[in-house]
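Structural overview for review
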Amino acid sequence: MKRIVFKKKNVLEWEEVPEPTIQGKNQAIVRPLAVSRCDLDIPIVNGDTLMRPGIPIGHEFVGVIEETSPEIENEFPKGTKVIVPFQISCGLCPECTEGHSKACHSVPFASFYGMGPGAKQFGGALAEKIWVPFAKQMLIRMPSSASAISLAAMSDNMVEAWKLVGQWLEKKQNTPVMVLGGSASSIALYSASLAVGMGASEVLYVDNDEERLRIANDLGATVAPYSSLPKSWSKKFPLIADCHGQKEGWDFCLRSLSTEGIYGCASVHWTNKLEIPYLELYNTGATLKIGRVDSREFIPKMLEKIEEKKILPEKVVTKTCNFEEAIETWTEPAVKLVVQMNP
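In this text, all values refer to a predicted model and were calculated from it rather than measured experimentally. Counting restarts for each chain, with residues numbered from 1 along the sequence as it is written. The predicted nature of this model means local features are confined to residues of pLDDT at least 70 and side-chain atom pairs, given and counted, to a pLDDT of 80 or more, with totals for whole chains, interfaces and linings taken over all residues. Values reported for side chains reflect all heavy atoms of the structure, with hydrogen atoms and water molecules removed beforehand.

Turning to the sheet that holds strand E2 (residues 11-16), a few remarks are in order. Any two strands between which DSSP finds at least two bridges are classified as paired. Under the scheme used here, helices are H or I runs from DSSP no shorter than 4 residues and strands are E runs no shorter than 2 residues, and both carry numbers assigned from the N terminus. One open sheet accounts for three strands, arranged E2-E1-E4; its pairing is antiparallel. Two strands in the sheet have a free side with no partner beyond their single neighbour: E2 and strand E4 (55-56). Pairing of strand E1 (residues 2-8) with E4, which is carried by two bridges, proceeds in the antiparallel orientation. Looking at E4, one finds that Phe6 is bridged to Ile55.

Have a look at this one:
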């Protein structure tokens, strides 16, 4: 079969490899139907992360089951459409049972599809077929009412919105929310859409990109363009989603928190030396929620919100292409690109 590999900086190539096979119990072979470009995928290909070349790419996807281990074929019959978390997890180890499947003990730490060293073992979604270990724990049925294109980002960028705003609005519905857009472009828009849908009393979307501002406005947020970020916003917010990706955005958001505010970050800062305005936060109180998303745990939450029409993911997708066009299109500008795989 063929798949797309991140070969070297700014270079993607086709690669022919053997098709994955069932190797034991509780496994599945899934054919991707739609693969979404993660907000992190462009920095990876550009060489702006710590992830090294030589890996198959693509980790946000939905697909259809082609084959399973015999003992689970009645539970997951061929032809079932599924969402697959991008983090590999067994569902049974202590970390998984405590709700931290992103740190599963049954696989090497941080094992993902399409990213990092784990991609060499588990593959990438820009491929004709994908092997799924721990199938009963990992496979999540795709709602028949939703399209593959709209759900393609569910396993990562879309569930980031639950990490940033959903889990907090579930506890206090009318909380005002600020979203700062930037390099995590689709996460910012998914977060704004979810905040509007879940009843935040105010959703302020701050960005310097006209297209993203237009989409945010269409999603129901109050938009605020800027040419340069101020030190802080004129009004303080109790819940802030930082999707900017640069230190100036980090500083701006932390200084825009109200007393006992909650800050969440969607971006990866590739350093251990990022400063915080410690004294300011000490005096007002703050909760900083950073880290990798809980993909397997948050997918059901987001599916509920989609069923309830409290998030409109289809409005965030700005570009599509087919599998044959994916290498050329993958690095082109787009807020959210989805590759429609070949039937």
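That was the structure; now back to the text.
What follows deals with the state of the cysteines. Defined by distance alone, a disulfide is two cysteine sulfur atoms within 2.5 Å. Inspection of the entire model under this criterion finds zero disulfides. In this structure Cys38 is not part of a disulfide, and its nearest cysteine sulfur, from Cys243, lies 12 Å away. The buried label goes to any residue with under 20% of its type's maximum accessible area, the exposed label to any with over 50%, and the partly exposed label to all in between, with areas taken from a 1.4 Å probe on protein chains only. Since its relative accessible area comes to 5%, Cys38 is described here as buried. Cys265 provides the cysteine sulfur closest to Cys243, a residue in no disulfide bond, and the two sulfurs are 7.8 Å apart. For Cys243, a relative accessible area of 0% gives the class buried.

To get an axis, fit a line to the C-alpha atoms, keeping to the stretch in contact for a helix; angles then go from 0 to 180 degrees between the N-to-C directions. Direction vectors running N to C along helix H6 (residues 154-169) and helix H7 (residues 185-197) enclose 40°, while the axes themselves pass 8 Å from each other. Taken together, the axes of H6 and H7 are oblique relative to one another. Crossing geometry of H6 relative to H7 is assigned as right-handed. Contacts from Asn157, Met158, Glu160, Ala161, Trp162, Leu164, Val165, Gly166 and Leu169 in H6 reach Ser186, Ile187, Tyr190, Ser191, Leu194 and Ala195 in H7. Should an angle lie under 35 degrees it is considered roughly parallel, over 145 roughly antiparallel, and from 65 to 115 roughly perpendicular; all remaining angles are considered oblique. Note on convention: the crossing is left-handed when the near helix lies turned anticlockwise from the far helix by less than a right angle, right-handed when the turn is clockwise. Contacts are residue-level and defined by heavy atoms, with any inter-residue pair within 4.5 Å sufficient.

Moving on: the environment of His100. Considering the arrangement of structural elements, one finds His100 in the loop between helix H2 (94-97) and helix H3 (118-122). Considering only alpha carbons, one finds His100 and Gly79, 21 residues apart in sequence, at a separation of 30 Å. Discounting residues that sit within four places of it in the chain, His100 has contacts with Glu95, Asp294 and Glu297.

Sheet architecture is open: six strands sit in the order E11-E10-E9-E12-E13-E14, paired in parallel fashion. The sheet is open, and its two borders are formed by strand E11 (222-225) and strand E14 (286-289), each paired with just one other strand. Going from strand to strand, the sheet's axes swing by 15° on average, the running direction of each strand aside. As paired strands, strand E13 (residues 257-265) and E14 are joined by four bridges and run parallel to one another. Across the sheet, Gly264 pairs through a bridge with Lys289, a residue of E14.

Here we take up the domain arrangement of the protein. Considered domain by domain, the protein is made up of domain 1 (2-155 + 314-340) and domain 2 (157-289). These domain boundaries are the output of an automatic or database domain assignment. Using only C-alpha atoms to locate each centre, domain 1 and domain 2 end up separated by 27 Å. Each side of the interface is counted separately: domain 1 has 19 residues, and domain 2 has 16 residues. We define buried area as the total accessible area lost by two parts upon association, computed with a 1.4 Å probe and summed across both. A combined buried area of about 1,500 Å² lies between domain 1 and domain 2, and 64% of that area is made up of carbon and sulfur atoms. Area buried by domain 1 at its contact with domain 2 is led by Asp39, Val316 and Val335, which between them contribute 39% of it. A pairing counts as a salt bridge when a side-chain nitrogen of Lys or Arg comes within 4 Å of a carboxyl oxygen of Asp or Glu. Across the contact surface, domain 1 and domain 2 share one salt bridge. Among the ionic pairs, Lys315 bridges to Asp218, the shortest N-O distance being 3.7 Å. Among the secondary structure elements, those contributing two or more residues to the side of domain 1 that touches domain 2 are helix H5 (148-151) and H6. Gly is put with the polar residues, along with every residue not named as nonpolar or charged; the nonpolar set is Ala, Val, Leu, Ile, Met, Phe, Trp, Tyr, Cys and Pro, and the charged set is Asp, Glu, Lys and Arg. Taken together, the residues of the side of domain 1 that touches domain 2 break down into nine nonpolar, four polar and six charged.

A complete count under the given rule lists 17 salt bridges for this structure. The salt bridge involving Arg31 is made with Glu66; its shortest N-O contact spans 3.3 Å. Taken together, the residues Arg31 in strand E3 (residues 28-36) and Glu66 in strand E5 (residues 60-68) connect sequence positions 35 residues apart. The class for Arg31 is partly exposed, based on a relative accessible area of 24%. Lys235 serves as the salt-bridge partner of Glu202, at 2.5 Å between the closest nitrogen and oxygen. Residue Glu202 is found in the loop between H7 and strand E10 (203-207), and its partner Lys235 is found in the loop between E11 and strand E12 (237-242); the two are separated by 33 residues along the sequence. Judged by relative accessible area, which is 25%, Glu202 ranks as partly exposed. We classify Lys235 as partly exposed; its relative accessible area is 39%. When salt bridges that share partners are traced, they join Lys305, Glu308 and Lys310 into one network.

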